[in-house]
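Understanding the architecture of this molecule
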Amino acid sequence: MISIYVDGAAHEVKGDQSLLRACLSLGIDVPYFCWHPALESVGACRQCAVKLYKDEKDHIGKIVMSCMTPLAEGMRVSVNDTEVTKFRAANIEWLMLNHPHDCPVCDEGGECHLQDMTLMTGHVMRRNRFKKRTYRNQNLGGFLNHEMNRCIQCYRCVRFYRDYAGGRDLNVFASRNHVYFGRHEDGPLENVFSGNLAEVCPTGVFTDKQFKKRYTRPWDLATAPSLCVLCGLGCNIHPAERYGELRRVRNRFNGEVNGYFLCDRGRYGHEFVNSPLRIHSPLLNKRVAGSASAIGKVEALRLFHEIWKESNGVVAIGSPRASLESNFALRALVGVDRFYAGMGSKELALILRIISMLKEGPARIPSLQEVGSGDGVLVLGEDITNTAPMLALSVLKAQRNSPLAEAERFGIHRWDDSAWRSATQGKKGALFVVTPMSTWLDGFATHVLRATPENCARIAFAAAHLVDSRSPEIRDLREDEASFAAILAESMKNLRCPFIISGVTMGNPALVDGAVNLSHALSRAGHEAGLSFVMPECNSLGLGLICSHGRAVEDAFQEIEEGRADTLIILENDLFRRTSRERAAACLQKCRHVISLDCLQNGTTAASDLVLPAATFAETTGTLVSGEGRAQRFFQLFISQGDIRPSRAWLSDMAKMDGEARGRQPHTLDECITSLAEAFPDLRLLPDCAPLSGFRVRGRKIPREPHRESGRTSLHADITVHEPESPHDPETPLAFTMEGYGGELPSPLIPRFWAPAWNSVQAVNKFQTEVGGPLRGGDPGIRLIKPGPGGGDYLEPVPLEADVAAVLFLVVPIAHIFGSEELSLLAPAIQERTPEARFILNASDAKRLGIGEGDLVEAHLPGGPCRAPAHVTADFPEHAVGVPLGLPGFAQNLGGAYIELRKAGHER
């Protein structure tokens, strides 16, 4: 810590930062444009000027840019000096000369950083009398609008898109005094983090195109703290609502998880909440009524009670996309022995194995922030750009750490962005990508190898042995694989903080074991190794923690097929995506009664007798456990329409109709959380992840609606001129109103980032302990899994499988960020980017089968028969076939199977 003086006041600050960051951390308002806490300093806009003095005797000083000024002991500066305030006012006037001043029609109006800084600077008058410079806007696809006339040339967009997120198709083009930020031609931005430009841009050049379709002024949007439910990382979001409709999703800062950014699926995929396929009323399907018909809540519960009394055994299937509380409520309703995890047996076994290994240690489970602070990464058998996108962004950040350390040795500060980039000349830290398929990260990796999932695992085993000879040895690797393993081991041994990332997508236990062995070897060699496993869905790990018995979907089917049960209750799960479509259809047909609780129509709801409309994440409150074992709570944003209710509420009412089930069932959210903590030792800290319903600040709840909201009394003017009473929320500390406590709050309960004079997303600075640091009181969530001190014994590698028939091909699941996830696939913007399903084949295999590029191929997959065009490439393992994961017609669980392929129309 060092002492500096700002306008005569002494402050203690950290010395390894810029003057601008230090001032903002102290709560001193200094206007800026080009600087961003994640992108740091380039000194492009000249707006953050301050006066720097030599010493206490200097009364003249000099104007410096605070973002480019390093701190020094005893430094004396002034933010409010008359000369420097005039400089800032003149600078912003110059920046605004060609701005269209179209705030009344700009989507950014009311939360615009440019507006905030203009007011902060005191600039109110334009003196330019000439014609303004104008530009042609581009069509950048379904995610973003482009309005170049609002640009002030701060360079944030290209710095984020190219330098931080690794995009290549957006750049800056200049000719004389014309500077243009865009693509070389119209077309969708290719980078999967492009939506962040809407928040990174301090003006309205890049705005949210999907939000524009149902636009509402930002100050009229109700918001709540929530979680992205579209992958297993647990990114924090702020969804926004108006008129009972989800309008948009923005990033919610969590320094340990997603930081300042979101992937495009997380930003635009939540449109499924407004899908036409939403179920709004209980449905009595044709197996009972002869035709599908809507019924009321009371009738639905009465019918359930009749089914419950008539049944000769009930089994229930949970869901990895439902909250812990909903799964637990279903478990309590039917009893522990009748509850089955809503996953396939292979996936569940892998997740339980991972949980066991993570508990043993010794490698720690890194957060996304910790991955970004490492100095080397191995990605093993997982295309994380498509299965866990924000983890890929953290990997890119980690690649910069080794070059940054080199630059620091020459006296270059980490925050001096352009200086260290010039000094390092594009050098990269260690990134090894060992996967069956080509991935986006290949373009940034230092070493890339293609291999089948089994051989990927064997490379990890071999590297582990080279790091620690006590680890089992692999003797029969191919020459290129052995060479790669040697380079991997040598590189990892020279790193301080290496991370191994794998997952369950391939369905291969050997990948898990190989990653575990390598992390153990590195830890025992004295390295701060980390081990991450990508989970397929938002609560896969949480469901695994409460389903340690290992009973999967297939086990539930067996109960029905063997006549031990005739009634099936399904929680937020489409069974046709989990296992064989034929088996699922036969099992559902054999059931005497099928009851589904879900928010969207799907194959399972169509085959059910009774369908109960479940609330989405935006309409209920619950807890999810991310892949790093972090429990976090999401909070209800708005009241559901029609008879939509949280699954937990439906199940609670069902239990009330049966004496035995009533005694097992927790009926409130707090009771459910407490019961979970008591029933499962791994969840004992669950109540601490966010305040419970009784939490108040000075006796008041926390408002979801902003205090600036307008027109509240006219929201229901088409129904009544009287303002109705605001709905009550007995289960959370939040209120469905604008009245309540608006001061400092616990971080899990912050409904929006706003502060006086800071209406844009940059207001998060006011909620952090220091700029870029954690939120005051700590970032949301609590870690449930902590690795043991020593770890277990090394795992033995799985022997190579015996040669299979030449006509059989190993299924390699190919995930896609736009389309593989079930819910986001229903969002219109995501549908525009969903790729065509295709089979990927090695060129030699394709030649042997007589299949050419684009030929139609038939295969009988684990989910059922499928057809798709072929894509032939040399960059894919032989005797394997890449199969699209989760696209329409393709199941979610594919990995590890062997199938036969043939050209469509050809006989076997």
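Refer to the structure above for everything that follows.
The following paragraphs examine the structure supplied in this document. Treat the numbers as computed from the prediction; the structure is a model and nothing was measured.

A short note on the sheet that holds strand E22 (residues 530-534)
Judged by pairing direction, the sheet is parallel, and its 5 strands sit side by side in the order E20-E19-E18-E21-E22 without closing on themselves. Both edges of this open sheet fall to strand E20 (447-450) and E22, since each of them pairs with a single strand only. Direction aside, the axes of adjacent strands within the sheet are offset by 10 degrees on average.

Concerning the packing of helix H21 (residues 553-561) against helix H22 (residues 581-590)
It is the contact of H21 with H22, at a shortest axis distance of 10 Å, that shows an interaxial angle of 45 degrees. Here H21 is positioned oblique relative to H22, judged by the angle of their axes. Considering how the two elements wind past one another, H21 and H22 form a crossing that is left-handed. Residues Glu 554, Phe 557, Gln 558, Ile 560 and Glu 561 of H21 touch H22, and the partners they reach there are Arg 583, Ala 584, Cys 587 and Lys 590. When its residues are assigned to classes, the contact of H21 with H22 shows 4 nonpolar, 1 polar and 4 charged.

Focus on the pattern of salt bridges
Scanning all chains against the criterion turns up 61 salt bridges. Of the charged contacts in the structure, one is a salt bridge between Asp 81 and Lys 51, with a shortest N-O distance of 3.0 Å. Taken together, the residues Asp 81 in the loop between strand E5 (75-78) and helix H2 (82-95) and Lys 51 in strand E3 (residues 49-53) connect sequence positions 30 residues apart. Residue Asp 81 shares its accessibility class with Lys 51, and that shared class is buried. A salt bridge links Asp 476 to Arg 458; the shortest N-O distance between them is 2.0 Å. One end of the pair, Asp 476, is in the loop between helix H17 (453-467) and helix H18 (479-493); the other, Arg 458, is in helix H17, and 18 residues separate them in sequence. Note on Asp 476: relative accessible area 48%, which makes it partly exposed.

Some words on the packing of aromatic side chains
The tally for this structure, following the rule as stated, stands at 20 aromatic pairs. Between Phe 160 and Tyr 164, the ring centres sit 6.0 Å apart and the planes meet at 20 degrees, which makes this aromatic pair stacked. With Phe 160 and Tyr 164 both in helix H4 (residues 156-164), this residue pair falls 4 residues apart, about one helical turn. Grouped by ring-pair contacts, the aromatic residues Phe 160, Tyr 164, Phe 253, Tyr 260 and Phe 261 constitute a single cluster.

Structural notes on the pairing of strand E33 (residues 856-861)
Here 6 bridges tie E33 to strand E34 (residues 864-873), and the two strands are oriented antiparallel to one another. Each bridged residue has a counterpart across the sheet, and for Leu 861 the counterpart in E34 is Gly 864. Here E33 hands over to E34 after 2 residues, the two strands then running antiparallel side by side. For E33 and strand E36 (residues 898-903), the ladder comprises 3 bridges, and the chain directions are antiparallel. Within E36, the residue paired with Ala 859 across the bridge is Leu 901.

Observations regarding the environment of Trp 758
Mapped onto the elements of the fold, Trp 758 is located in the loop between strand E29 (734-735) and strand E30 (782-783). The class for Trp 758 is buried, based on a relative accessible area of 1%. Residues Trp 758 and Met 120 lie 638 residues apart in sequence; the distance between their C-alpha atoms is 9.4 Å. Setting aside anything within four residues of it in sequence, one finds Trp 758 in contact with Leu 24, Asp 29, Tyr 32, His 113, Asp 116, Met 117, Met 120, Ala 763 and Lys 766.

Some details on the environment of Ala 349
Mapped onto the elements of the fold, Ala 349 is located in helix H11 (residues 345-360). Here the alpha-carbon distance between Ala 349 and Gly 544, two residues 195 residues apart in the chain, equals 9.1 Å.

A short note on unusual backbone geometry
In this model, Gly 361 is joined to Pro 362 through a cis peptide bond whose omega is 10 degrees. As for its placement among the helices and strands, Pro 362 is situated in the loop between H11 and helix H12 (368-372). Of note, Arg 46 is a non-glycine position whose phi angle comes to about 65 degrees, a positive value. Here Arg 46 shows up in the loop between helix H1 (19-25) and E3.

What to know about the environment of Asp 855
Among the secondary structure elements, Asp 855 is positioned in the loop between helix H28 (843-849) and E33. Taking the C-alpha atoms as reference, Asp 855 lies 47 Å from Ser 175; in sequence the two are 680 residues apart. When sequence neighbours within four positions are dropped, the list of residues in contact with Asp 855 reads Gly 850, Ala 868, Pro 869, Ala 870 and Lys 903.

A few points about the sheet that holds E33
Sheet strands pair via backbone hydrogen bonds, and the direction of the pair is either parallel or antiparallel. Taking strand neighbours around the barrel as the criterion, the 6 strands line up as E31-E35-E32-E34-E33-E36 in a closed arrangement whose pairing is mixed. Pairwise comparison of adjacent strand axes, ignoring direction, gives a mean angle of 45 degrees for this sheet. Along the sheet face, H22 touches E33 and E34 and points at about 160 degrees away from the line of E34.

Let's talk about the nonpolar core
By size, the foremost hydrophobic cluster in this structure holds 202 residues, and its most contacted members are Phe 160, Leu 333 and Ile 569. Top element by residues in this core is H17. It accounts for 9 residues. Formed by 40 residues, the second largest nonpolar core is a distinct cluster that contains Leu 52, Leu 71, Met 96 and Val 771.

A look at helix H19 (residues 509-524)
Between its first and last C-alpha atoms H19 spans 23 Å; for 16 residues at 1.5 Å apiece the expected length is 22 Å, and the two agree. Summarising burial for H19: 14 of the 16 residues are buried, a large majority. With a side-chain oxygen lying 2.8 Å from the backbone nitrogen of Ala 510, the N-terminal cap of H19 falls on Asn 508. Following H19 by one or two positions, Gly 526 has its phi on the positive side, about 95 degrees.

Basis of the calculations
Residues numbered from 1 in each chain as written. Predicted model: local features only at pLDDT ≥ 70, side-chain atom pairs only at ≥ 80, totals over all residues. Heavy atoms only, no water. Pairing = 2+ DSSP bridges. Helix = DSSP H or I, 4+ residues; strand = E, 2+ residues; numbered from the N terminus. Axes fitted to C-alpha atoms, helices over the stretch in contact; angles between N-to-C directions. Parallel < 35°, antiparallel > 145°, perpendicular 65-115°, else oblique. Left-handed = near helix turned anticlockwise from the far one by under 90°. Contact = heavy atoms within 4.5 Å. Nonpolar A, V, L, I, M, F, W, Y, C, P; charged D, E, K, R; others polar. Salt bridge = Lys/Arg side-chain N within 4 Å of Asp/Glu carboxyl O. Buried < 20%, exposed > 50% of the residue type's maximum accessible area, 1.4 Å probe, protein only. Phe/Tyr/Trp six-rings, centres within 6.5 Å; stacked < 30°, edge-to-face > 60°. Core = buried A, V, L, I, M, F, W, Y, C linked by side-chain atoms within 4.5 Å. Expected span 1.5 Å × (residues − 1). Polar contact = N/O pair within 3.5 Å; in protein donor to acceptor, adjacent residues only side chain to side chain.

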